[in-house]
Every structure is written in C-alpha cells, then in structure tokens.
Protein chains: 2
Amino acid sequence: MCELLGMSANVPTDICFSFAGFLHRGGRTGPHRDGWGIAFYEQGGYRDFRDPSPSADSPIARLIRDYPIKSHVVISHIRQANVGNVRMANTHPFTREMWGRPWCYAHNGQLQGWGALALSFYRPVGDTDSEHAFCWLLGELRQRFAEPPAEPGPLWTTLHALCERLRGLGVCNLLFSDGVHLYAYCSTKLVHLTRRAPFGHAHLSDTEMSVDFREHTTLADVVSVMATEPLTANEDWTAMQPGELLVWRDGEIQARYRANEDGAQTSER
Amino acid sequence: MCELLGMSANVPTDICFSFAGFLHRGGRTGPHRDGWGIAFYEQGGYRDFRDPSPSADSPIARLIRDYPIKSHVVISHIRQANVGNVRMANTHPFTREMWGRPWCYAHNGQLQGWGALALSFYRPVGDTDSEHAFCWLLGELRQRFAEPPAEPGPLWTTLHALCERLRGLGVCNLLFSDGVHLYAYCSTKLVHLTRRAPFGHAHLSDTEMSVDFREHTTLADVVSVMATEPLTANEDWTAMQPGELLVWRDGEIQARYRANEDGAQTSER
C-alpha cells in the first residue's frame, strides 16, 4: 500500500511542514520505499517532482522540504509497489491534459480485474493498475463531457459513480485534481483537517518538528490537508467514510457525495 | 528568443556538465530570465523539472547540475518570453501522452498567425505560441496515425512536413521526443556535436569548468548534444541547415530530412 497527501488552500501556501513528516514514511517511519512524487498547481500551471528512489533518502525530496513552493492545490504520494515494478513510469502522481487543464491523480490501494477497464483517449505509459484506472476515468469523463459543463453537479456525480466502480475492483483511495478542485475519494482510509483562524501549534507525528501557524498565516487563510494517516499528533483529523467523495476548493468542502446502502449517491452541497 | 539543449545517448548518461554551462545563460551569460525546464526520459518513463524563475538563480537548477540523473534522451529550455507572460503554464518543455508514450517539446523562436493552427486531441494549458504549435503538431500526427506505424518513414516524413509548416509562420527551432527518438528541427539556429571514443577534454564557454570525458565513459559510449549555440570552446560543433530535421537515436543520426529549394523533402537515411 502507498500513502497519500493532499492540500487545498485559499491562498498560495507551501506544504513544507506536512511534507517534512510525510517524506519520513518513505523508508524511515513507513515501509514505502518504492518512489514518491509531489504535484503543485501554480498560477494555472502544473509541475510535479517524482523520484523512483525512497523519499527518505531523496535529494529531490529534501529540496521540496526546504524550498517553499506556494500553491492552491498539492497532491503527493509515496509508493510501496504492488502492481508494476519500481521505475519512473510507475511513479505517481500521473498527469494528463483534458479541456486544456492539467489533471493529476494519485492512488493508494490495489485493484483486481482493472485490465478490463476500456481505454479511449488516454493510455498508460507504465504498467500499474493506478495509471490504467486514471486513463480510464479521464477517458470516461471526456466521452461524456466534450467540454467542461457550465454547472459542475453532473460532472461530480459522474466522477463519484466512476470512483464507486473502481471501489468495486478493490482498494481505491484517491486524490486527484484539475488544478481548481481537489477531489478526495475514500475507499478504506483517508483523513482530513482544516486549519483556519485562530491558528495554533502543530507537532508532526513522524519526526521531531513543530510549527506555530500564527507566524505563517493571516486571519483569512484556510488550509486543508488530506492524508492516509494523520500527520500531526495534537490536532483532530476527520476520517472519511468508505465510498465518500469530497470536492475541495480553496480549502473548503464544496460538495460531498456518499455511497448509501443501496448504492445510490447522496449529495450534501 | 530562448535557448535549447538536447542530448541523445546510447547509454544512460547525465547531462550535468552541459547543463552547468547552459544554466548560466538563464540570467548570467545570457538574457533568458523567464524560466527554464529540463525533461529526462528514464526506463520508459518521463519526468521534467520546470521553474518560472531564472535558471542562474534557481535552487532546482542547482540540484539538476549537481545530482546526476542518467537518461538516454534529455531536452532542456531556458526562456526569454515573447508570447505569454512568465508563469508555470508557459514554461517549456511541454508534454502530452500519445500512443502511451510521453512526448515532450521545446521551442526557440516566435510564430505569427499560430492561432489559426486547428487543434484536435490536445489543448494548451498556457497561452504561448509554442504550446499551441505542439498541441497542433501532435494532434495532426494522431489524426494521421491512430497507432504508431510499424515502419517510421511515413511518420518522420509527416513530422518534417509539419515542422516546415511551422517554419512558414516564423522562427521555429525545435527539440522534441517520444522517449526513444530525439527530433531536432532547425529553422534558424541549432548546432550539434557527437562525443565518442577516443574521448578527450571539453571546456565550457559559459563558465570556468572542464571535464575529461575519459574518466566518465567507456569505449562504446556515444553521446550527442544539440544546442542553440555551442556550449564548449574547444570542440567542433556542426550547424544544422534551415529546414533540416535530424532524427537521433542512441546518440546517432538515424535519419535526416532537408528542405530543398522547391519545398520538397529529401531523406538521407
């Protein structure tokens, strides 16, 4: 299994603090030695840093920890390989352009029977279940929506239904984004936390490091973080429910979709 | 105008030496202060590092200079903005997936009337002439070749014709790749150099730095470098001709297409 880290904020925010704890899980406090990656959306553009070597030893990971890149949306992943060997093409996050937007996608879990997910516009470069599922999901969206819909409800309902199909194939915790919205989908394990005024201290679980957010924020800042496991020991993280999709924008939950018992979806926008 | 740097090699090779000189042109020995990027193909995968700040001051550029990433194909670009402001989405190289391969593209020059190039599968994320032309070129290829042709001749002839159309719109020196072949297209200025046994010394033009390639190579290594201007002072660089497309693979020229006077193409494979 892998670990996920995401951030949605209403002001360009760096993720150095959370990433400092997270990268220890790649070979030090966690067993995820099979590569890592982090994607930043900046001024409508996208960049990612990926490395097939363990994050705990990676000079690129140390750069990211020490070099504040400010972003509204961040997605990061550290990998413990199950499907697909350890190499660059299998290193998350994956990215594809749709509607002139750079989409990115990171997956924690393992799917069965994923080869039967029919592809259309997008094809995997590597050989993971994760990238195949991403290509399938984006292709399905593009077939239904040649252009982004003016009102996002139908898009999000479709996205939730597609995620639910993936959950039918196995464990599928997802973070993905088009650069504006951050989509968090929980199959088994995903937690989140929102920091806003009054800001306080936070202490990392994975390494000896604290931060006083009052020194780094303004009263208007809203910064939400999602992760496979809580990253701090002294804050209240909220666990997502299996089948739940949260749509984040500017640090706030903009929509919530849940799987109910008979498989239908309920929205609480 | 911008500057281009490319490498094609028959063994995984790092580009630290050439990059050390090249990055000085991004704000020190050259005026190209509007961002830079470098793309590496590794084990069938792709990663790039891009930064909208000047390469001469960039901590990410220093990392790339000091951290040897070994690759068969590298493409790098430093930018002096003309079309599109300085931001991440306008920072080369650009990348798109086609046929399950990560294509990347970097452009030196400026086009007129590029908005009329009709797009199909791919759309730009930023607002440069360069990314629009890349989306157009890849879309044209994909419309003609739903799958990669078994024999590459028709693909390369098409690629050359598409590049020639771009040259009709302005200055268009290009480096692009699918991860196996490196395509170098010259509109006004592009030089290349092949290093093979017996290896010798090289001395950078842009900074005080020398290398003795005998200490870093085996007798079988073939490493070719392309750049807007020669990077070393003591080696013989070959200038490409306007309208010429070189197809590099494993450090060797695999095919050459030239524009002749009446506009037809001649191949010398």
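Heads up: these notes are all about the structure in this document. (Residues numbered from 1 in each chain as written. Chains lettered and ligands numbered in written order. Predicted model: local features only at pLDDT ≥ 70, side-chain atom pairs only at ≥ 80, totals over all residues. Heavy atoms only, no water.)

Here we come to the overall build of chain A. Secondary structure assignment for chain A yields four helices and 16 strands. Against the compact-globule benchmark of 18 Å for 269 residues, chain A has a radius of gyration of 17 Å, which places it among compact chains. Projected onto its principal axes, the C-alpha coordinates of chain A cover approximately 45 × 40 × 35 Å. The burial tally for chain A puts 59% of its 269 residues in the buried class. Accessible surface computed for chain A: about 9,700 Å², of which carbon and sulfur atoms make up 50%. Mean positive and mean negative side-chain charge positions of chain A (25 and 31 charges, respectively) differ by 3 Å. (Helix = DSSP H or I, 4+ residues; strand = E, 2+ residues; numbered from the N terminus. Rg over C-alpha atoms; globule rule 2.2 N^0.38 Å. Buried < 20%, exposed > 50% of the residue type's maximum accessible area, 1.4 Å probe, protein only. Areas by Shrake-Rupley, 256 points an atom, 1.4 Å probe, with all protein chains shown as cover. Lys, Arg positive; Asp, Glu negative; His and termini not counted. Charge placed at Lys NZ, Arg CZ, Asp CG, Glu CD.)

A separate point is the packing of helix α3 (residues 129–144) of chain B against helix α4 (residues 153–167) of chain B. Residue and element names in this part refer to chain B. One can describe the packing of α3 onto α4 by two numbers: an axis separation of 11 Å at closest approach and a directional angle of 145 degrees. As for how α3 packs across α4, the hand of that crossing is right-handed. Judged by residue contacts, Ala 133, Trp 136, Leu 137, Glu 140, Leu 141 and Arg 144 of α3 engage Leu 155, Thr 158, Leu 159, Leu 162, Cys 163, Arg 165 and Leu 166 from α4. (Axes fitted to C-alpha atoms, helices over the stretch in contact; angles between N-to-C directions. Left-handed = near helix turned anticlockwise from the far one by under 90°. Contact = heavy atoms within 4.5 Å.)

Our focus in this paragraph is the sheet that holds strand β9 (residues 191–196) of chain B. Residues and elements named next belong to chain B. Spatial strand order, β3-β2-β4-β1-β12-β9-β13: seven strands in an open sheet with antiparallel pairing. Two strands close off the open sheet at either side, each with one partner strand: β3 (45–51) and β13 (238–239). Taken together, the seven bridges between strand β1 (residues 3–13) and strand β4 (residues 71–78) define a ladder with antiparallel strand orientation. Looking across to β4, one finds that Leu 4 is bridged to His 77. Helix α2 (residues 59–66) rests against β2 (36–42) and β3 of the sheet, and its axis sits at about 35 degrees to β2. (Pairing = 2+ DSSP bridges.)

A separate point is the side chain of B:Asp221. All names here are of chain B. With respect to the element layout, Asp 221 can be found in the loop between β11 (210–212) and β12 (222–227). Salt bridges are absent for the buried Asp 221, whose nearest opposite-charge side chain, Lys 70, sits at 8.3 Å. At a separation of 2.7 Å, a polar atom in the side chain of Asp 221 contacts the side chain of Thr 218. Setting aside anything within four residues of it in sequence, one finds Asp 221 in contact with Asn 10, Val 11, Arg 195, Arg 196, Ala 197, Phe 199 and His 216. (Salt bridge = Lys/Arg side-chain N within 4 Å of Asp/Glu carboxyl O. Polar contact = N/O pair within 3.5 Å; in protein donor to acceptor, adjacent residues only side chain to side chain.)

Residues and elements named next belong to chain A. Strand order in this open sheet of seven strands is β3-β2-β4-β1-β12-β9-β13, and the pairing throughout is antiparallel. Pairing within the sheet leaves two strands with one partner each, and these edge strands are β3 (45–51) and β13 (238–239). The strands touched by helix α2 (residues 59–66) within the sheet are β2 (36–42) and β3, with β2 carrying the most contacts at an inclination of about 35 degrees.

For the rest of this paragraph, the subject is the interface of chain A and chain B. Opposite the 35 residues of chain A that make contact, chain B presents 35 residues. For the pairing of chain A and chain B, the buried interface totals around 2,700 Å² over both sides, and the portion due to carbon and sulfur atoms is 52%. At the boundary of chain A and chain B, one finds six salt bridges. Between A:Glu147 and B:Arg123 there is a salt bridge; the shortest N-O distance is 2.8 Å. Summed over the shared surface of chain A and chain B, the number is 18 residue pairs in polar contact (both at pLDDT 80 or more). When residues of the side of chain A that touches chain B are traced back to their parent elements, those giving at least two are β3, α2, β5 (94–98) and β6 (101–108) of chain A. Examining the composition of the side of chain A that touches chain B, we find that seven residues originate from one element, β3(A), more than from any other. Tallied by class, residues from the side of chain A that touches chain B come to 17 nonpolar, six polar and twelve charged. (Buried area = accessible area lost by both parts, 1.4 Å probe. Nonpolar A, V, L, I, M, F, W, Y, C, P; charged D, E, K, R; others polar.)

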